[in-house]
Amino acid sequence: MTIPSPPLPTGAPIPQLGFGTYKVVDGVYEAVRSALDLGYRHIDTAQMYGNEAEVGRAIADSGIAREDLFLTSKLNNGNHEPGPARASFDQTLDDLRTDYVDLFLVHWPLPMHYDGDVARPWPVLEEFHDQGRARAIGLSNYEPHHVRAVLDIARVAPHVLQSEAHPFFSNSSVRAFAAAHSMVFEAWSPLARGRAASDPVLAGIGRAHGASGTQVALRWALDRGDVVFPKSVSPERQEANLDVFSFALTAEETALINALDEGEAGRTGSHPNVLDRL
Ligand SMILES: NC(=O)c1ccc[n+]([C@@H]2O[C@H](COP(=O)([O-])OP(=O)(O)OC[C@H]3O[C@@H](n4cnc5c(N)ncnc54)[C@H](OP(=O)(O)O)[C@@H]3O)[C@@H](O)[C@H]2O)c1
């Protein structure tokens, strides 16, 4: 099985299907070890997840060469000022046992904090990029008006925009904005935090291909060009989530999935304008 790896604006390839680690604290070592054994080579973590040290230990024990992995982490909400941003990034690299991450993102824009300056951490991310310690840099949960504030002061334009997207919340306007500004779009919670597993339309489409609803949701996202990293603590489900290239969706099936979009009602997380957690 070959996972497509489109280029970032830096030219570096990013595996389009990776492994997410949100809310995995107990058992993250085992989950990441098994994901790597199964063939995942792209791991998405964050300072906020509190699991970088265990992710780093699992990677070290896997024996996989660093250059064969794509590692992403994210700046935590309390670390937007330069001092905490630099100190926490040093800790991230120590915990992940590496000299660089392939991608470092600002996790949330927090427009109600930092004097409303959602671009506050960006010059420090540019510094990490200049140093070669963050090979690519980007934004997570930034709405178009937040990204514009960053573009207004950027020397290095963001390479990636990560935001929630799945069949029930297609997030079309943010995806279109990312495309218009040459940012690779990463869709978080591509299974809508598990809802895709019980949806009758996705299950029905899957039956025609000997696949599950979750596999259909992932294939749909990959066909749209999104980068995804589903999370599962189960090796069986991790394996199923990788096995999404042996069938193809028809145009009619894709249209049925597109019709599942509920707009804002389908969002599972907080709206970036209001998420306030430091
Ligand atoms: N930037 C951000 O703010 C942000 C926010 C949220 C997520 N993320 C990233 O995106 C990643 C993915 O999102 P997510 O973890 O929120 O949700 P998700 O990947 O959409 O869904 C995970 C849920 O689906 C279940 N699941 C996974 N594979 C399955 C399968 N084949 N069949 C049935 N159920 C399955 C998992 O349960 P089991 O573990 O029990 O299998 C878990 O409950 C995160 O881990 C994180 O890396 C980023």
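Scroll up to find the structure this text is about.
Conventions and cut-offs
Residues numbered from 1 in each chain as written. Predicted model: local features only at pLDDT ≥ 70, side-chain atom pairs only at ≥ 80, totals over all residues. Heavy atoms only, no water. Helix = DSSP H or I, 4+ residues; strand = E, 2+ residues; numbered from the N terminus. Buried < 20%, exposed > 50% of the residue type's maximum accessible area, 1.4 Å probe, protein only. Contact = heavy atoms within 4.5 Å. Polar contact = N/O pair within 3.5 Å; in protein donor to acceptor, adjacent residues only side chain to side chain. Pairing = 2+ DSSP bridges. Right-handed = clockwise from strand over helix to strand, strands pointing away. Axes fitted to C-alpha atoms, helices over the stretch in contact; angles between N-to-C directions. Parallel < 35°, antiparallel > 145°, perpendicular 65-115°, else oblique. Left-handed = near helix turned anticlockwise from the far one by under 90°. Nonpolar A, V, L, I, M, F, W, Y, C, P; charged D, E, K, R; others polar. Phe/Tyr/Trp six-rings, centres within 6.5 Å; stacked < 30°, edge-to-face > 60°. Lys NZ or Arg CZ within 6 Å of the ring centre and 35° of its normal.

Draft legend 1. Highlighting the environment of Arg-193. Topologically, Arg-193 is positioned in the loop between β7 (184–188) and α7 (200–207). Residue Arg-193 is classed as partly exposed on the basis of its relative accessible area, which comes to 46%. Along the primary structure Arg-193 and Thr-268 are separated by 75 residues, whereas in three dimensions their C-alpha atoms are 7.7 Å apart. The residues touching Arg-193, leaving out its near neighbours within four places in the chain, are Tyr-22, Trp-188, Thr-268 and Gly-269. Of note is the side chain of Arg-193, whose polar atom sits 3.3 Å from the side chain of Ser-189.

Draft legend 2. Region of interest: the pairing of strand β3 (residues 70–75). Within β3, six of the six residues are buried, leaving the element largely enclosed by the surrounding structure. Pairing of strand β2 (residues 42–44) with β3, which is carried by three bridges, proceeds in the parallel orientation. In the strand pairing of β3, Asp-44 is matched with Thr-72. A crossover connection joins β2 to the parallel β3 through helix α2 (residues 52–62); in handedness this β-α-β unit is right-handed. For β3 and strand β4 (residues 103–106), the ladder comprises four bridges, and the chain directions are parallel. Residue pairing across strands places Thr-72 opposite Leu-103, the latter belonging to β4. Assessed by its sense of winding, the connection that carries the chain from β3 through helix α3 (residues 82–96) to β4 is right-handed.

Draft legend 3. Main features of the packing of α7 against helix α10 (residues 251–258). Direction vectors running N to C along α7 and α10 enclose 165°, while the axes themselves pass 10 Å from each other. Relative to α10, the element α7 is oriented roughly antiparallel. Our pair here, α7 against α10, has a crossing hand that is left-handed. Residue-level contacts link Val-201, Leu-202 and Ile-205 of α7 to Glu-253, Leu-256 and Ile-257 of α10. Looking at the contact of α7 with α10 residue by residue, the classes come out as five nonpolar, no polar and one charged.

Draft legend 4. The packing of aromatic side chains, seen in detail. In total, this model carries five aromatic pairs according to the counting rule given. Centre to centre, the rings of Tyr-22 and Tyr-49 are 5.1 Å apart; their planes meet at 50°, and the pair counts as tilted. Of this pair, Tyr-22 sits in the loop between β1 (19–20) and α1 (28–38) while Tyr-49 sits in the loop between β2 and α2; the two residues are 27 residues apart in sequence, bridging distant segments of the chain. In textbook terms, an aromatic cluster arises when at least three aromatic residues are bridged by ring pairs, as seen for Phe-89, Phe-104 and Phe-128. Positioned over the ring face of Tyr-29 is Arg-57, at 3.9 Å from the centre of the ring. The positively charged end of Arg-66 is found above the aromatic ring belonging to Tyr-100, 3.9 Å away from the centroid.

Draft legend 5. Structural detail: unusual backbone geometry. One non-glycine residue, Asp-115, adopts positive backbone phi at about 55°. In this fold, Asp-115 is placed in the loop between β4 and α4 (122–130). At Asn-141, a position not held by glycine, the phi torsion is positive, near 65°. Relative to the helices and strands, Asn-141 resides in the loop between β5 (137–140) and α5 (144–153). We classify Asn-141 as buried; its relative accessible area is 2%.

So, to be careful, I would describe these as geometric facts and stop short of saying anything about function.
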